[in-house]
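# Descriptive structure summary
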Amino acid sequence: PASARPPCRCGCRRKAHGKWVFMDPEGVRAEGPMVNGVQHGVWDEPTPDGGRRKGPYVDGRRHGTWTITHEDGSKEEVDYVDGELLE
């Protein structure tokens, strides 16, 4: 039988925890905090059109106001509730 690793001092049970940086093959970065293996806190990530978006995750879902900076520098704010974009 495999022995279980003990939980670390913070209680995260060795799941992704703390600041994480993800980078795709082209070098585009997404970064933010992970808590118990899920995104939780303010993240900065790329948009499909080459811009950036920044805002909070709660328990792995976008939740709250996000600021989107488009490739041309224009900005807009959008709101999410429980992972769903509000219209």
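For the structure itself, look to the data block above.
Scope of this entry: the structure provided in the associated data block. The model shown is predicted, which means the values in this text are computed figures rather than measured ones.

### Concerning the nonpolar core
Counting 9 residues, the largest nonpolar core consists of Ala16, Ala30, Met34, Trp43, Tyr57, Trp66, Ile68, Val78 and Tyr80. Sorting the residues of this core by element identifies strand S2 (29-35), strand S7 (64-69) and strand S8 (75-81) as the ones contributing at least two each.

### So, the side chain of arginine 53
Within the fold, arginine 53 resides in strand S5 (residues 52-58). With relative accessibility at 17%, the residue arginine 53 sits in the buried group. Apart from residues lying up to four places away in sequence, arginine 53 is in contact with Trp43, Asp44, Glu45, Pro46, Thr47, Pro48, Arg62, Trp66, Thr67 and Ile68.

### Examining the environment of aspartate 82
Here aspartate 82 is to be found in the loop between S8 and strand S9 (84-85). Distance from aspartate 82 to glycine 60, taken between C-alpha atoms, is 9.1 Å for residues 22 residues apart in sequence. Not counting residues up to four positions away in its chain, the partners in contact with aspartate 82 are Arg61, Arg62 and His63. A distance of 3.4 Å separates polar atoms of two side chains, one belonging to aspartate 82 and the other to arginine 61.

### Thoughts on the pairing of S7
Pairing geometry for S5 and S7, over 3 bridges, is antiparallel. Bridge pairing in S7 links arginine 53 to isoleucine 68. Here S7 runs beside S8; their pairing, made up of 6 bridges, is antiparallel. Opposite isoleucine 68, over in S8, you have glutamate 76 as the bridge partner. If you look at the hairpin formed by S7 and S8, you'll find 5 residues sitting between the two strands, and glycine 73 has a positive phi there, around 95 degrees.

How each quantity is defined
- Residues numbered from 1 in each chain as written.
- Predicted model: local features only at pLDDT ≥ 70, side-chain atom pairs only at ≥ 80, totals over all residues.
- Heavy atoms only, no water.
- Core = buried A, V, L, I, M, F, W, Y, C linked by side-chain atoms within 4.5 Å.
- Buried < 20%, exposed > 50% of the residue type's maximum accessible area, 1.4 Å probe, protein only.
- Helix = DSSP H or I, 4+ residues; strand = E, 2+ residues; numbered from the N terminus.
- Contact = heavy atoms within 4.5 Å.
- Polar contact = N/O pair within 3.5 Å; in protein donor to acceptor, adjacent residues only side chain to side chain.
- Pairing = 2+ DSSP bridges.

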